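# Reading the structure
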Amino acid sequence: MTPITKRYEVSGDDFTHAGEASGKVKTLLKQIGYHPDAIRRIAIAMYEGEINMVIHANGGFANVDIYPDRVEILLEDTGPGIEDVDKAMEEGYSTAPDEVRALGFGAGMGLPNIKKYTDDMRIESAVGVGTKVYMTIKGQ
Amino acid sequence: MKLREVIEVLKAEVINADNLDLEIVTACGSDMMSDALAFVKDQAMLLTGLVNPQTIRTAEMLDIHCIVFVRGKMPGADMIELAKDRDIALLSTGYRMFTACGRLYAAGLGGGCDEN
Ligand SMILES: Nc1ncnc2c1ncn2[C@@H]1O[C@H](COP(=O)(O)OP(=O)(O)OP(=O)(O)O)[C@@H](O)[C@H]1O
Ligand SMILES: [Mg+2]
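Notes on the structure in this doc start here. Residue positions are counted from 1 within each chain, in the order its sequence is given. Think of it this way: whatever chain is written first is A, whatever ligand is written first is 1, and the rest follow in order. Residue-level local features of this predicted model are given only where pLDDT is at least 70; pairs of side-chain atoms are given and counted only at 80 or more, and the full residue set underlies all totals for whole chains, interfaces and linings. Side-chain calculation: all heavy atoms of the structure are included, whereas hydrogens and water are not.

All right, on to the interface of chain A and chain B then. Throughout, a contact is declared for two residues whenever any of their heavy atoms are within 4.5 Å. The interface of chain A with chain B comprises 28 residues on the first partner and 21 residues on the second. For salt bridges, the criterion is a side-chain nitrogen of Lys or Arg within 4 Å of an Asp or Glu carboxyl oxygen. The tally of links from chain A across to chain B stands at 3 salt bridges. Close ionic contact of B:Arg57 with A:Glu20 constitutes a salt bridge, the shortest N to O distance being 3.5 Å. The term polar contact refers here to a pair of N or O atoms within 3.5 Å; inside protein, the definition further demands a hydrogen-donor-capable atom paired with an acceptor-capable atom, and it admits residues adjacent in sequence only when both atoms are side-chain atoms. Between the two partners, chain A and chain B, sit 16 residue pairs in polar contact (both at pLDDT 80 or more). Contributions of two or more residues to the side of chain A that touches chain B are made by helix 1 (20-31), helix 2 (36-57), helix 4 (98-102) and helix 5 (110-117) of chain A. In DSSP terms, a helix is any run of H or I states spanning at least four residues, a strand is any run of E spanning at least two, and both are numbered starting from the N terminus. With 6 residues, helix 2 of chain A is the single largest residue contributor to the side of chain A that touches chain B. Note on residue classes: Ala, Val, Leu, Ile, Met, Phe, Trp, Tyr, Cys and Pro are nonpolar, Asp, Glu, Lys and Arg are charged, and everything else, Gly too, is polar. Per-class residue counts for the side of chain A that touches chain B are 12 nonpolar, 9 polar and 7 charged.

With that settled, the discussion passes to the nonpolar core. Side-chain atoms within 4.5 Å are what join buried Ala, Val, Leu, Ile, Met, Phe, Trp, Tyr and Cys residues into a set we call a nonpolar core. The buried label goes to any residue with under 20% of its type's maximum accessible area, the exposed label to any with over 50%, and the partly exposed label to all in between, with areas taken from a 1.4 Å probe on protein chains only. Core analysis: the biggest nonpolar cluster contains 61 residues, and A:Ile42, A:Ile73 and B:Leu90 have the highest contact counts within it. Considering each element in turn, this core owes the most residues, 12 residues, to helix 2 of chain A. Once residues within four sequence positions are removed from consideration, B:Leu90 is found in contact with B:Glu13, B:Val14, B:Ile15, B:Asn16, B:Ile56, B:Ile67, B:Phe69, B:Pro75, B:Met79, B:Ile80 and B:Ala83. B:Ile7, B:Val9, B:Ile24 and B:Ala27 belong to the second-largest nonpolar core, a separate cluster that totals 21 residues.

With that settled, the discussion passes to the layout of surface pockets. Residue and element names in this part refer to chain A. Taken as a whole, the largest pocket spans an internal volume of roughly 560 Å³. Think of a 1 Å grid over just the protein atoms. A cavity is a set of points where a 1.4 Å probe fits yet cannot get out, a pocket is an open set with protein on both sides within 12 Å along at least five of seven lines, and lining residues have an atom within 4 Å of a point. Around the largest pocket, the lining comprises 32 residues; the ones closest to its centre are Asn52, His56, Ile82, Ala88 and Leu111. Of all the secondary-structure elements, those providing two or more residues to the lining of the largest pocket are helix 2, strand 3 (70-77), helix 3 (85-88), helix 5 and strand 5 (130-138). Sorting elements by how many residues they give to the lining of the largest pocket places helix 2 first, with 8 residues. Among the residues forming the lining of the largest pocket, the class breakdown is 16 nonpolar, 11 polar and 5 charged. Grid points are joined across faces, edges and corners, and a volume is the space filled by probe spheres set on the points.

Residue and element names in this part refer to chain B. With 10 of 10 residues buried, helix 3 (residues 53-62) is to be regarded as a mostly interior element. Along helix 3, the residues that are buried comprise Pro53, Gln54, Thr55, Ile56, Arg57, Thr58, Ala59, Glu60, Met61 and Leu62. Where helix 3 begins, the capping side chain belongs to asparagine 52, and its oxygen is found 2.8 Å from the backbone nitrogen of glutamine 54. Downstream of helix 3 by a residue or two, aspartate 63 has a phi angle that is positive, lying close to 60°.

This next bit is on the site of ligand 1. Taken together, 22 residues sit near ligand 1, with A:His56, A:Ser94, A:Thr95, A:Gly106 and A:Met109 positioned nearest. Near residues are defined by distance, with any heavy atom within 4 Å of the molecule or strand qualifying the residue. Near ligand 1, residues from chains A and B are present, making the site a shared one. Within the side chain of A:Asp77, a nitrogen or oxygen atom sits 2.9 Å from a nitrogen atom of ligand 1. A:Thr95 places a polar side-chain atom, nitrogen or oxygen, 2.5 Å from an oxygen atom of ligand 1. Method for areas: the Shrake-Rupley scheme with a 1.4 Å probe, in which residue coverage is limited to the protein chains shown. Expressed as a share of its isolated accessible area of 590 Å², the protein-covered part of ligand 1 is 96%. Any molecule with more than half of its atoms within 2 Å of a cavity's or pocket's grid points is counted as sitting in it. At a threshold of 2 Å from the grid points, most atoms of ligand 1 map onto the largest pocket. Going through the elements one at a time, helix 2 and helix 5 of chain A are the ones with two or more residues in the shell around ligand 1. When residues in the shell around ligand 1 are grouped by element, the largest group, 4 residues, is from helix 2 of chain A. Classifying every residue of the shell around ligand 1 by side-chain character gives 10 nonpolar, 10 polar and 2 charged.

In this section: the sheet that holds strand 3 of chain A. Each strand in a sheet pairs with its neighbour through backbone hydrogen bonds, running either in the same direction (parallel) or in the opposite one (antiparallel). Residues and elements named next belong to chain A. The strand order across the open sheet built from 5 strands is 1-2-3-5-4, with neighbouring strands paired in antiparallel fashion. Each edge of the open sheet is held by one strand with a lone partner, namely strand 1 (4-11) and strand 4 (120-126). In this sheet, adjacent strand axes meet at a mean angle of 10° when their direction is disregarded. Pairing analysis gives 7 bridges linking strand 4 to strand 5, with the strands arranged antiparallel. When the bridges of strand 5 are listed, glutamate 124 appears paired with lysine 132. Every axis corresponds to a line fitted to the C-alpha atoms, with the helix fit spanning only the stretch in contact, and the corresponding angles, defined between N-to-C directions, vary from 0 to 180 degrees. Helix 5 contacts strand 4 and strand 5 of the sheet and is inclined by roughly 145° relative to strand 4. Here a strand pair is declared whenever DSSP counts at least two bridges between the two strands.

A word on the packing of helix 2 of chain A against helix 3 of chain B. For the pair helix 2 of chain A and helix 3 of chain B, interaxial distance at closest approach is 8 Å and the crossing angle is 150°. Judged on the interaxial angle alone, helix 3 of chain B and helix 2 of chain A are roughly antiparallel. Facing helix 2 of chain A, whose interface residues are A:Arg40, A:Ala43, A:Ile44, A:Tyr47 and A:Ile51, helix 3 of chain B presents B:Gln54, B:Arg57, B:Thr58, B:Met61 and B:Leu62. Looking at side-chain class alone, the contact of helix 2 of chain A with helix 3 of chain B contains 6 nonpolar, 2 polar and 2 charged residues. Relative orientations are named as follows: roughly parallel for angles under 35 degrees, roughly antiparallel for angles over 145 degrees, roughly perpendicular for angles from 65 to 115 degrees, and oblique for any other angle.

So, in structure tokens, the structure goes:
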């Protein structure tokens, strides 16, 4: 089955528009009548990842493949990378500076939220090279 | 609780609201968006002191249909536009977070967790 495939550029210096790609995906899934419970989980997980690319990695790309039974998302950036992925996955762990906290982010809850709302998640990251976050959400 | 009752309890100013009969079942108070994103419930309302477009986006992702800004905070025109587009009601109350949440809780609105 060929998926519906979308690719979005996520700008790194535009906090105001951060989340636009996730909003578009959510709207599209609603339009095609995707499983309602999955839509919400997809939107939240992708939004957390999209925000992370903006605040930690100066932007990147979001690739979304929509299958009837699942949605696969790859968020890729060429930012600073994550030194200790296990640590980054811990609830409350954040390297966000105070300016980011003042914007309502930096609770260290984003990656744990992605884990919670997806059926599968994987991070590939190399310091100085970038980060790839893969996630799969089942359609039911 | 209906939106009109929320407005009364919080002595709130209505910035944007089409349907005062909107049913609010639970609420969440937070200035950290990922905290709110960890909390997903149907027909919830978000109380926050955070005023930037990501407040609206967070509500969009969570299917939240009403945001209450505490401490008399007011969103800018761009945020109001974003909220209107997404059918999200906006209120502003002069109460602080603790008081606003307390008033709603006392009026019968739950927190949506198992222990409430
Ligand atoms: N794309 C990324 N590039 C580089 N570092 C990242 C990236 N995503 C996450 N991180 C690192 O992992 C940490 C934890 O991320 P997580 O999303 O859980 O929390 P946060 O973004 O700091 O806060 P919150 O998501 O609660 O707003 C971040 O503080 C950051 O150090
Ligand atoms: Mg994050």
